[in-house]
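Each chain, written out:
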Amino acid sequence: MPAYDLAAIRAQFPILSREVHGKPLVYLDNAATSQNPTAVLDASRRYYEEINANIHRGTHHLSQSATAAHEEARITVARHLNSPTPDEIIFTSGTTDSINLVASILGLAGHFAPGDEILISHLEHHSNIVPWQMLCERSGAKLKVIPVLNDGTLDLEAFHALLSERTNLLAISHVSNAFGTVNPVKEMIVSAKAQGALTLIDGAQSIPHQTIDVQDLDADFYAFSGHKVYAPTGIGVLYGRYKILDALPPWRGGGEMIKKVSFEGTTYNSLPFKYEAGTPNIEGAIALAAALNWINDLGLDAIHDHEAALIQQAAAALSTLDGIQLYGPSDRAASLSFNLEGIHHYDLGTLLDQMGIAVRTGHHCCQPLMDRFGITGTIRASFAAYNTAEEVSQLAAAVEKAASMLR
């Protein structure tokens, strides 16, 4: 394939050829869920057509084939993240599940006591807020919040002021799902570790758009969802530093996470299986590996550059409209949130849908962030490897048309 052949890329996504309300689909809701290329669809279908079986304990051919494919998927994820060992890769149902896993096992281990502090930011998705609130309720720890500036970036002076010897954990998003803000997580991790804190990165919005090297980031935990990165829903990953995960207790009990069970007691399995109780999403893991291979074949740098150009084009085009308010910094990553004065975001999104354009409206699971800016929500257009400059132009024209109908 020639360098970034957009037509050839789009041809790999069958859903992009369909119509919605009699109009060609313009899919700009990728921050919520990206579409699946044929390489991923084929991997899912092959699993169910050729090797569908439960894994790890079967002696028959299908079970052994499924086990090999599942564990090869783990190796692929580890390689993609530059994890030192596949044993640090835990398959989950998604970012939310991964964060809840960490919150639960840290709580079970007694890692937090009254007076300890958990530091998050005003940019966080609810899945990186609520689990820590629940942990604070159970442990007596306190939740501290890094404020956000008017341009949608974090107040780093406040961050450093909030860090103290009481900070036990920094849990921060790499990229804001609402505003596209890219946080300086590597530098923040260094500062948090200087205070002895553990660090968790919500990578749901960074994994599709840039190279992730967990050794370079030096985060203790990194979480992401497959459905943000061209894979199916219901599969996700928690990377955790081996030494930390090995010392922490299991979360769920059942099959696979054990070595020996008796009524007198149970011996738990080694990593990564200690945290994978029950039958896993085998097909999801295999399809996730196919998705990661697909983006690596295309090239994350090429994807990043393509999406960055689309974001700049969209911001420039929308900025010419009367009453437009764009949110977030100018160097957004793949998402653009905006409102039009006097028009509710839901009404605008509904009209855009009638024109075949799929965007996200609402608070994007970031109600505290919306409250900070005095709004109930935004319209969010988010981009992927397959979006085009023509689609950006269609978005701008459709927003202008919808605004004229609603005013």
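Glancing now at the environment of Ala31. Along the chain, Ala31 turns up in the loop between β3 (26–27) and α2 (38–51). Ala31 sits 152 residues away from Asn183 along the chain, and the two C-alpha atoms are 16 Å apart. Among residues more than four places away in sequence, those in contact with Ala31 are Gln205, Lys228, Ser335, Arg380 and Ser382.

Here we take up the pattern of salt bridges. When their charged atoms lie close together, side chains carrying opposite charge are able to pair. This model, assessed by the stated rule, comprises 14 salt bridges. Residues Asp29 and Arg360 are paired through a salt bridge, measuring 2.6 Å at the closest nitrogen-oxygen approach. With a gap of 331 residues between them, Asp29 in the loop between β3 and α2 and Arg360 in strand β16 (residues 360–362) connect regions that are remote in the sequence. Looking at Asp29, the relative accessible area reads 6%, which means it is buried.

On to the sheet that holds strand β8 (residues 198–202). On the basis of which strands lie adjacent, the open sheet formed by seven strands has the order β4-β10-β9-β8-β7-β5-β6 and mixed pairing. Two strands bound the open sheet, and with one partner strand each, they are β4 (89–92) and β6 (142–146). On average, each strand axis in the sheet is inclined to that of its neighbour by 20°, with strand direction left out of account. Inspection of the sheet shows β4 paired to strand β10 (residues 236–240) by four bridges, in the antiparallel sense. Bridge pairing links Thr92 to Gly236 in β10. In this fold helix α7 (residues 185–194) packs onto β6, β7 (167–173) and β8, with an angle of close to 175° to the strand it touches most, β7.

Time to look at the sheet that holds strand β13 (residues 324–327). Taken in spatial order, the four strands make up an open sheet running β13-β14-β17-β16, and their pairing is antiparallel. Lying at the two open borders of the sheet, with one neighbouring strand each, are β13 and β16. Adjacent strand axes in the sheet meet at a mean angle of 30°, parallel and antiparallel pairs treated alike. Relative to strand β17 (residues 378–382), β16 is paired through three bridges, and the arrangement is antiparallel.

Take the packing of aromatic side chains next. As enumerated under the stated definition, the model contains 10 aromatic pairs in all. Measuring from centroid to centroid gives 5.4 Å for Phe13 and Trp294, while their planes differ by 85°, and the two rings are edge-to-face. In this pair, Phe13 is assigned in the loop between α1 (6–10) and β1 (19–20) and Trp294 in helix α10 (residues 282–298), connecting sequence segments 281 residues apart. Centre to centre, the rings of Tyr47 and Tyr48 are 4.9 Å apart; their planes meet at 70°, and the pair counts as edge-to-face. Every member of this aromatic cluster is reached through a ring pair, and the members are Phe13, Tyr230, Trp294 and Tyr386. Over the ring of Trp251 we find Arg252, and its NZ or CZ is 4.0 Å from the ring centre. Above the ring of Phe373, the side-chain terminus of Arg372 is found at 4.6 Å from the ring centroid.

The next thing to look at is the pairing of β17. Burial analysis of β17 places five of its five residues in the buried class, which makes it a mostly covered element. Here strand β14 (residues 335–340) runs beside β17; their pairing, made up of four bridges, is antiparallel. Directly across from Ser337, in β17, lies its bridge partner Arg380.

Rules used in this analysis
- Residues numbered from 1 in each chain as written.
- Predicted model: local features only at pLDDT ≥ 70, side-chain atom pairs only at ≥ 80, totals over all residues.
- Heavy atoms only, no water.
- Helix = DSSP H or I, 4+ residues; strand = E, 2+ residues; numbered from the N terminus.
- Contact = heavy atoms within 4.5 Å.
- Salt bridge = Lys/Arg side-chain N within 4 Å of Asp/Glu carboxyl O.
- Buried < 20%, exposed > 50% of the residue type's maximum accessible area, 1.4 Å probe, protein only.
- Pairing = 2+ DSSP bridges.
- Axes fitted to C-alpha atoms, helices over the stretch in contact; angles between N-to-C directions.
- Phe/Tyr/Trp six-rings, centres within 6.5 Å; stacked < 30°, edge-to-face > 60°.
- Lys NZ or Arg CZ within 6 Å of the ring centre and 35° of its normal.

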